[in-house]
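Breakdown of the fold
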Amino acid sequence: EEITVVASRSHMSEAVTKFCEELECAGKKVSFHAAGSSLKLCLVAEGSADVYPRLGPTMEWDTGAAQAIVEGAGRKVLNWETKEPLTYNKEDLLNPWFVVE
């Protein structure tokens, strides 16, 4: 089974590399599609990509509108640690790591 992962090659973190290695260890073939943060969320929403692990910094304004599109498409944007949907209007506008699936 092939899994399309959207991730930034220029911001590829060790954590994203590990995420992809774990998919490969589970027998998945991983392919990449690079795009900006909002577009990556939309690619998962439309089904062009399977998962977007964002294991690096983003701000609320980078994800808010795209998260609405993702959820409208029946997909999820989840906090990496809590597995709960991202929340907004926090005092600190920095997003936690998240995964779009």
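Preceding this section is the structure that the text describes.
Residues numbered from 1 in each chain as written. Predicted model: local features only at pLDDT ≥ 70, side-chain atom pairs only at ≥ 80, totals over all residues. Heavy atoms only, no water.

Spatially, the three strands line up as an open sheet ordered E3-E5-E4, and their pairing is antiparallel. Edge positions in the open sheet fall to strand E3 (52-54) and strand E4 (77-79), since each of these has one partner strand only. When strand polarity is set aside, the average angle formed by the axes of neighbouring strands in this sheet is 15°. Relative to the sheet, helix H2 (residues 37-46) contacts E3, E4 and strand E5 (98-100), its axis offset from that of E3 by approximately 145°. (Pairing = 2+ DSSP bridges. Helix = DSSP H or I, 4+ residues; strand = E, 2+ residues; numbered from the N terminus. Axes fitted to C-alpha atoms, helices over the stretch in contact; angles between N-to-C directions. Contact = heavy atoms within 4.5 Å.)

This paragraph deals with the packing of H2 against helix H3 (residues 60-72). Between H2 and H3, whose axes approach to 9 Å, the crossing angle comes to 10°. Looking at the two axes, H2 sits roughly parallel to H3. Between H2 and H3, the contacting residues are Ser37, Ser38, Leu41, Cys42 and Ala45 on the first element and Asp62, Thr63, Ala66, Gln67, Ile69 and Val70 on the second. (Parallel < 35°, antiparallel > 145°, perpendicular 65-115°, else oblique.)

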